[in-house]
Amino acid sequence: MDARDIVELIYQRNLVSRETWKAVSVKKNSDGTVDVLYKNLHVGSDDDPVFLWVYANVVEEERPDVRILERITFKKEDIVWILRYIPKRGEGL
């Protein structure tokens, strides 16, 4: 299934609101899951946007389906904070 079709299916099933979130990136994984990154159209700014990350399972049978497994809302500053605590290669905790 094409990435655009996956995003459209998520919108059609009202799993994510088209009026609130705009898809900015889709990463298809080899295990049949996808990571979709959305940007909020109403909250946040260009300097500090609000994102929604959706991890979903794509079922490509008779009738294609998408099941959301996880969703997380975050701001850009949250990623900076998380990355500060991820050790660099060769460094221990």
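Here, every reference points to the structure presented above.
Okay, so let's go over this structure.

Calculation criteria
All chains use their own residue numbering, which begins from 1 and follows the written sequence. Only residues with pLDDT of at least 70 get local features here, since the model is predicted, and only at 80 or more are side-chain atom pairs given and counted; chain-wide, interface and lining totals rely on the full set of residues. Side-chain descriptors were evaluated using all non-hydrogen atoms of the structure, hydrogens and water having been removed beforehand. Only strands that DSSP links by at least two bridges are regarded as paired with each other. In this description a helix means any DSSP run of H or I spanning at least four residues, a strand means any run of E spanning at least two, and both kinds are numbered starting from the N terminus. Under this scheme, a helix contributes an axis fitted over its contacting stretch, all axes are lines through C-alpha atoms, and angles between N-to-C directions fall in the 0 to 180 degree range. Relative accessible area decides the class of each residue, using a 1.4 Å probe on protein chains only: under 20% of the type maximum gives buried, over 50% gives exposed, and in between gives partly exposed. For this document, the term salt bridge refers to a Lys or Arg side-chain nitrogen within 4 Å of an Asp or Glu carboxyl oxygen. What makes a nonpolar core is a set of buried Ala, Val, Leu, Ile, Met, Phe, Trp, Tyr and Cys residues whose side-chain atoms join them at distances within 4.5 Å. By definition in these notes, contact holds between two residues if any of their heavy atoms fall within 4.5 Å.

**Quick word on the sheet that holds strand β3 (residues 49-59)**
Spatial ordering of the open sheet is given by β1-β2-β3-β4, a layout of 4 strands whose pairing is antiparallel. Each edge of the sheet is formed by a strand with only one pairing partner; in this case those strands are β1 (21-28) and β4 (65-75). The sheet shows a mean angle of 20 degrees between the axes of neighbouring strands, taken without regard to direction. Strand direction decides the pairing type here: β1 and strand β2 (residues 33-44), joined by 7 bridges, are antiparallel.

**Description of unusual backbone geometry**
One non-glycine residue with positive phi stands out, namely Asn14, at about 55 degrees. Exposure remark for Asn14: the relative accessible area of 66% places this residue in the exposed category.

**Focus: the pattern of salt bridges**
In total, this model carries 6 salt bridges according to the counting rule given. Among the salt bridges present, the one from Asp35 reaches Lys27, with a minimum N-O distance of 3.6 Å. Here Asp35 falls in the buried class, since its relative accessible area comes to 15%. Relative accessible area serves as the criterion here: at 48%, Lys27 is assigned to the partly exposed category. With a shortest N-O distance of 3.7 Å, Arg67 and Asp65 are connected by a salt bridge. The partly exposed category is assigned to Arg67, whose relative accessible area is 44%. Residue classification places Asp65 among the buried positions, given a relative accessible area of 18%. When salt bridges with common partners are traced through the structure, they connect Arg13, Asp65 and Arg67 into a single cluster.

**Looking at the nonpolar core**
When a protein is soluble and globular, its nonpolar side chains tend to lie buried together. Counting 16 residues, the largest nonpolar core has Ile10, Val16, Val36, Tyr38 and Val54 as the members making the most contacts within it. Going through the elements one at a time, α1 (3-12), β2 and β3 are the ones with two or more residues in this core. Excluding anything up to four places from it in sequence, Val16 contacts Ile10, Tyr11, Trp21, Tyr38, Leu52, Val54, Ile68 and Arg71.

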